[in-house]
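Now for the letters of each chain:
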Amino acid sequence: MKTKKITEYSSQELAEAYVFPVKLTAKQKEEAARQLLQARAKTQAELTESDKQTSRVLQLRFRLEDYLNGEAFDPALTFGHFLKEYVSILGKKRKVFADEISVDETLLSQFVNAHRLPPDYMAIRLELHSHNVIPAHYWYRLVEKQKEHEIKTNKTLRLKEMKFVHSRVA
Amino acid sequence: MNITETETGIKKGARISAVEEKERRLLTRKRFAFNWKMFGSSDKLFKLQIEDNEDILGVMNYIEMSDEKRIEIKLLACASENVGASKKYDGITGCLIAFACRSAKAAYGDLACVSLVPKTVLREHYINKYHMLDGGWQLYLEGAQMISLINEYLL
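Residues numbered from 1 in each chain as written. Chains lettered and ligands numbered in written order. Predicted model: local features only at pLDDT ≥ 70, side-chain atom pairs only at ≥ 80, totals over all residues.

Undergrad: Let's hear about the overall build of chain A: which residues, and what values?
TA: Across its full length, chain A carries nine helices and one strand. Of the regular secondary structure in chain A, the N- to C-terminal order runs α-β-α-α-α-α-α-α-α-α. Relative to a compact globule of 170 residues, whose C-alpha radius of gyration would be 15 Å, chain A shows 25 Å and is clearly more extended. Seen through its principal axes, chain A has C-alpha atoms that stretch 75 × 55 × 35 Å. Relative to its full complement of 170 residues, chain A shows a buried share of 19%. Restricting the contact set of chain A to residue pairs at least 6 apart, pairs at least 24 apart contribute 62%. (Helix = DSSP H or I, 4+ residues; strand = E, 2+ residues; numbered from the N terminus. Rg over C-alpha atoms; globule rule 2.2 N^0.38 Å. Buried ≥ 20, exposed ≤ 12 C-beta atoms within 10 Å, placed from the backbone. Contact = placed C-beta atoms within 7 Å.)

Undergrad: Can you break down the interface of chain B and chain A residue by residue, with the values?
TA: Chain B puts 40 residues into the contact, and the matching count from chain A is 36 residues. Of the residues forming the side of chain B that touches chain A, the biggest block, six residues, is contributed by strand β5 (residues 70-78) of chain B. In terms of residue class, the side of chain B that touches chain A is built from 21 nonpolar, 11 polar and eight charged. Across two bridges, strand β1 (residues 18-19) of chain A lies against β5 of chain B in antiparallel orientation. Residue pairing across strands places Val-19 of chain A opposite Leu-76 of chain B, the latter belonging to β5 of chain B. (Nonpolar A, V, L, I, M, F, W, Y, C, P; charged D, E, K, R; others polar. Pairing = 2+ DSSP bridges.)

Undergrad: Help me get a handle on the nonpolar core, residues and values and all.
TA: Buried together is how nonpolar side chains tend to be arranged in soluble globular proteins. In terms of nonpolar packing, the biggest core is built from 58 residues, with Ala-77, Cys-95, Leu-96, Ala-100, Cys-101 and Val-114 of chain B touching the most fellow members. The contact partners of Cys-101 of chain B, leaving out residues within four places of it in the chain, are Val-114, Leu-141, Met-146, Leu-149 and Ile-150 of chain B. Core analysis: the second largest hydrophobic core is formed by 16 residues, Leu-60, Leu-83, Tyr-86 and Tyr-138 of chain A among them. (Core = buried A, V, L, I, M, F, W, Y, C linked by C-beta atoms within 7 Å.)

Undergrad: Report on the pairing of strand β4 (residues 56-65) of chain B, specifying residues and quantitative values.
TA: Residue and element names in this part refer to chain B. Sheet topology places strand β3 (residues 45-50) next to β4; five bridges connect them, and they run antiparallel. Counted as the bridge partner of Phe-46 is Met-60 from β4. Where β3 folds back onto β4 in an antiparallel hairpin, the turn is made up of five residues, including Asp-52, whose phi is positive at roughly 60°. Note that β4 and β5 share eight bridges and pair antiparallel. Within β5, the position partnered with Gly-58 by the bridge is Cys-78. Taking the residues between adjacent antiparallel strands as the criterion, β4 and β5 are bridged by four residues, where Lys-69 takes a positive phi near 55°.

Undergrad: Outline unusual backbone geometry, supporting the account with residue identities and numerical values.
TA: Residues and elements named next belong to chain A. For Ser-102, which is not glycine, the phi dihedral falls at a positive 50°. Relative to the assigned elements, Ser-102 resides in the loop between α5 (94-100) and α6 (105-112). Phi at Ala-114 takes a positive value of approximately 60°, unusual for a residue other than glycine. In this structure Ala-114 comes out as partly exposed when scored by C-beta crowding, with 17 C-beta atoms within 10 Å.

What follows is the structure, given as structure tokens:
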């Protein structure tokens, strides 16, 4: 198929396919920066607290996504760590949030402080609470990632279990 | 994230990731309109591919202005067969711009911004198609418009 030259496309077709390089002079760059700053200040001023909260929950989702899709394991990034961040974004007291998802406050604290692994229902309730912005399986995979690291690296458990294995494949 | 096969209307799962060093030679001016070889290995280049297919359908370069909590798209191109009325796939540019929004959102939260300096004749089209706001010389996405684009193309 013969490829058309760029000049043969309509401006709409070009906007749907390209962002062209545009060279600005130093003065134009300065003017562009000032104008953008001004426009953004106006947009930011119009954001409600609810808009900001939606943005921050979405930010948490993406950070969770990046962590889950990455190879690295960070012992600090537990289910409890992200749950604590979620509650902090909401700007609610832990007791209020615990009531909203019908969990005892003490139990919620145990999840936050990584003293207890969360049951499956927690992931579902968190998904529902976030209006599906953070899917349940993200919370689930977070726990799985933690467990996977533990099983990969737990030398003590290996030593303990050795006595139960009486024969091995050649 | 999906793009649409224009002939059948079938949506295909797509992915965006960093262009690898060995793939840079594939970004020819003939297929991707611009001179992509001017970018060094430290420049951020991203490619869009259909899942389970290695062919690159779109490519983008952006720079991060972390002190302004902003990402500026400097260059973007769909592969030549995906331009114009007879394009094979639709939605590539939207996905790439939304990906820049996602990166900004992940880094800067509610203060995140994505901008570009448009060619004058294309301004209105970017505004209409990608919900961009008028910031003088630049067009930008922030707040509700940014979330709207992310929802439309990525989630």
